[in-house]
Amino acid sequence: MAGSERHEAGAGDVDAVVRELLLLMPRMASRVKRVPLPEGLQSESLAPRHLSLLSCLLFDGPMTVSELAARLGVAPTTVSLMVGDLSEKAILDRREDTSDRRRRIVAIAAERHDAIAAWLAPGAAAWRRVLGPLSPAERRLFVDTLLAYEVAVGEERGR
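So, how was this worked out
- Residues numbered from 1 in each chain as written.
- Predicted model: local features only at pLDDT ≥ 70, side-chain atom pairs only at ≥ 80, totals over all residues.
- Heavy atoms only, no water.
- pLDDT = per-residue confidence, 0-100.
- Contact = heavy atoms within 4.5 Å.
- Helix = DSSP H or I, 4+ residues; strand = E, 2+ residues; numbered from the N terminus.
- Buried < 20%, exposed > 50% of the residue type's maximum accessible area, 1.4 Å probe, protein only.
- Patch = residues over 30% accessible without salt bridge, like charges linked within 9 Å, V, L, I, M, F, W, Y side chains within 5 Å.
- Areas by Shrake-Rupley, 256 points an atom, 1.4 Å probe, with all protein chains shown as cover.
- Salt bridge = Lys/Arg side-chain N within 4 Å of Asp/Glu carboxyl O.
- Phe/Tyr/Trp six-rings, centres within 6.5 Å; stacked < 30°, edge-to-face > 60°.
- Core = buried A, V, L, I, M, F, W, Y, C linked by side-chain atoms within 4.5 Å.
- Pairing = 2+ DSSP bridges.
- Axes fitted to C-alpha atoms, helices over the stretch in contact; angles between N-to-C directions.

Enquirer: Explanation requested: the confidence of the model for the protein in the structure shown.
Expert: Regions with low pLDDT carry predicted coordinates that are not meant to be interpreted in detail. In the predicted model, the protein carries a mean pLDDT of 86, and 92% of its residues have values of at least 70. Here residues 1–5 is a poorly scored stretch, pLDDT under 50, and it has three contacts once near neighbours within four places are set aside; other chains count.

Enquirer: Can you help me understand the environment of Pro76 in this one?
Expert: Tracing the backbone through its elements, the reader meets Pro76 in helix α4 (residues 76–88). On the basis of relative accessibility, which here comes to 44%, the residue Pro76 falls in the partly exposed class. With 10 residues separating them in the primary sequence, Pro76 and Ser66 have C-alpha atoms 5.6 Å apart. Filtering out sequence-adjacent residues up to four positions away, Pro76 remains in contact with Val65 and Ala69.

Enquirer: Hey, could you run me through the environment of Val32 in this one?
Expert: Here Val32 lies in helix α1 (residues 14–33). Residue classification places Val32 among the partly exposed positions, given a relative accessible area of 49%. Considering only alpha carbons, one finds Val32 and Gly61, 29 residues apart in sequence, at a separation of 23 Å.

Enquirer: Would you mind going over a nonpolar patch on the surface with me for this structure?
Expert: Judged by side-chain polarity, Val17, Leu21, Met25, Met28, Trp127, Val130, Phe142, Val143, Leu146, Leu147 and Tyr149 come together as a nonpolar surface patch covering roughly 900 Å² of accessible area. At the level of elements, α1, α5 (110–131) and α6 (136–156) are the ones that each hand at least two residues to the nonpolar patch.

Enquirer: Any chance you could explain unusual backbone geometry here in plain terms?
Expert: Excluding glycine, residues mostly carry a negative phi; peptide bonds, for their part, are mostly trans. Positive phi values are uncommon outside glycine, yet Ala90 reaches one of about 60°. Position of Ala90 among the secondary structure elements: in the loop between α4 and β2 (92–97). On the accessibility criterion, Ala90 (33% relative accessible area) is partly exposed.

Enquirer: Would you mind going over the packing of aromatic side chains with me for this structure?
Expert: Both the distance between ring centres and the angle between the ring planes are used here to describe each pair of aromatic rings. For the structure on display, the rule yields one aromatic pair. Look at Trp127 and Phe142: their rings are 5.7 Å apart centre to centre, the planes differ by 55°, and that puts the pair in the tilted class. One end of the pair, Trp127, is in helix α5; the other, Phe142, is in helix α6, and 15 residues separate them in sequence.

Enquirer: Teacher, can you tell me more about the nonpolar core here?
Expert: The nonpolar side chains of soluble globular proteins are, as a tendency, buried together. Judged by nonpolar contacts, the single largest core of 23 residues is most densely connected at Leu53, Leu54, Leu68 and Leu92. Those elements giving two or more residues to this core turn out to be α2 (48–60), α3 (65–72), α4, β3 (100–108) and α5. With residues up to four places along the chain from it excluded, the contact list for Leu92 reads Leu53, Leu54, Leu57, Val83, Leu86, Ser87, Val106, Ala107, Ile108 and Ala109.

Enquirer: Help me understand the sheet that holds strand β1 (residues 63–64) in this model?
Expert: Backbone-to-backbone hydrogen bonds pair the strands of a sheet. The strands run either parallel or antiparallel. Within the open sheet, the three strands sit side by side as β1-β3-β2. Their pairing is antiparallel. Single-partner strands in this sheet number two, and they are β1 and β2. As paired elements, β2 and β3 share six bridges and run antiparallel to each other. Its bridge partner lying in β3, Arg95 is registered against Ile105. On the sheet, α2 packs against β1, β2 and β3 and is oriented at approximately 100° with respect to β3.

Here it is in structure tokens:
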């Protein structure tokens, strides 16, 4: 919906805003799903679930499976399965933690780093463009609202 076509809801018109968001969210999800994989990753069957894991590693650097699980809000076994799958495809490297040999550090494989960065760059650039003009408090409110929505949807669906 173009900006000029958008129905501007009044400040107290929650239903109009809900209607607008219910139309917007599927379009956003569809657009994200259509982001093409870079040539070097097209044969690897990467799914949207891999996007979050790879984003964490790209932006925050190497970390343990437990740290990834905590950031992603999922069970360590879920992350371990994804890491195993991506390691087999040579997308991720697992190495021993030099400070604690019982732990394994997960990182994006050096030869895949540029392709993954290229895959995630358009989304990161779009977020920077729309969040940049906001104040830190407005950015926090936006993220907190999305997080609250995620929780509320789970509660509505009985999860």
